[in-house]
Amino acid sequence: DIFYQYAQSIVKKANANRSKGVLDPSYTRTVKICETVMELTAAAHQREQKARMVPLLSSMALLVGFAVSFYKTDLTVEIPGIRQSLLLLGIGMYTFGPSLVRPSSSLKDAKILENK
């Protein structure tokens, strides 16, 4: 995701400079390289965007449930501790959600490799 965003920012800056009338002899080459990097990292960028959204959306749904639990109707049954449970679940999902969504990696920790 970092490489995708970095390449994207370079393209935006290059286009902004070109629209201002700056003549950069390496513009075409720079944009082509950045587009190549963006193509190669697009799948990882999309996965990262989804991984960021899942905890936020699920936390919002739980917090909406928490807010709705304050309104009593004939259909709802008061369950002891449901408000606290929903609130804690929402906070936990927001905090630990990204680590649960991201696929596991086969990369090894640098400290393990240093000791070999």
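Just so you know, these numbers come straight off a predicted model, no measurement behind them.

Time to look at the overall build of the protein chain. Each helix and strand in the protein chain was counted, giving four helices and zero strands. N-terminal to C-terminal, the α/β element order of the protein chain is α-α-α-α. Here the protein chain holds 116 residues, and 19% of them are scored as buried. Partitioning the intrachain contacts of the protein chain with sequence separation of at least 6 by distance along the chain shows that 72% fall at a separation of at least 24. When the accessible surface of the protein chain is totalled, it reaches about 9,500 Å², and 64% of it is carbon and sulfur.

This part covers the nonpolar core. Counting residues in hydrophobic clusters, the biggest one holds five residues: Y4, A7, V11, C34 and M38. Elements represented by at least two residues in this core include exactly α1 (2-19) and α2 (27-68). When residues in this core are grouped by element, the largest group, three residues, is from α1. Those residues in contact with A7 that sit more than four places away from it in its chain are C34, V37 and M38.

Spanning 18 residues, α1 covers 26 Å between terminal C-alpha atoms, matching the ideal 26 Å at 1.5 Å per step. Immediately downstream of α1, the backbone of G21 shows phi near 100°, a positive value.

All right, on to the environment of T95 then. Locating T95 in the fold gives a position in helix α3 (residues 82-101). Sequence spacing of T95 and P55 is 40 residues, and the spatial spacing of their C-alpha atoms is 7.7 Å.

This brings us to the side chain of H45. With respect to the helices and strands, the residue H45 is situated in helix α2. What H45 contacts, discounting residues up to four positions off in sequence, is D1, Y4 and Q5.

Here the protein chain shows a mean pLDDT of 77. Residues at 70 or above account for 65%. The least confident element of the protein chain is helix α4 (residues 110-114), whose mean pLDDT is 62; the most confident is α1, at 92.

Calculation rules
Residues numbered from 1 in each chain as written. Predicted model: local features only at pLDDT ≥ 70, side-chain atom pairs only at ≥ 80, totals over all residues. Heavy atoms only, no water. Helix = DSSP H or I, 4+ residues; strand = E, 2+ residues; numbered from the N terminus. Buried < 20%, exposed > 50% of the residue type's maximum accessible area, 1.4 Å probe, protein only. Contact = heavy atoms within 4.5 Å. Areas by Shrake-Rupley, 256 points an atom, 1.4 Å probe, with all protein chains shown as cover. Core = buried A, V, L, I, M, F, W, Y, C linked by side-chain atoms within 4.5 Å. Expected span 1.5 Å × (residues − 1). pLDDT = per-residue confidence, 0-100.

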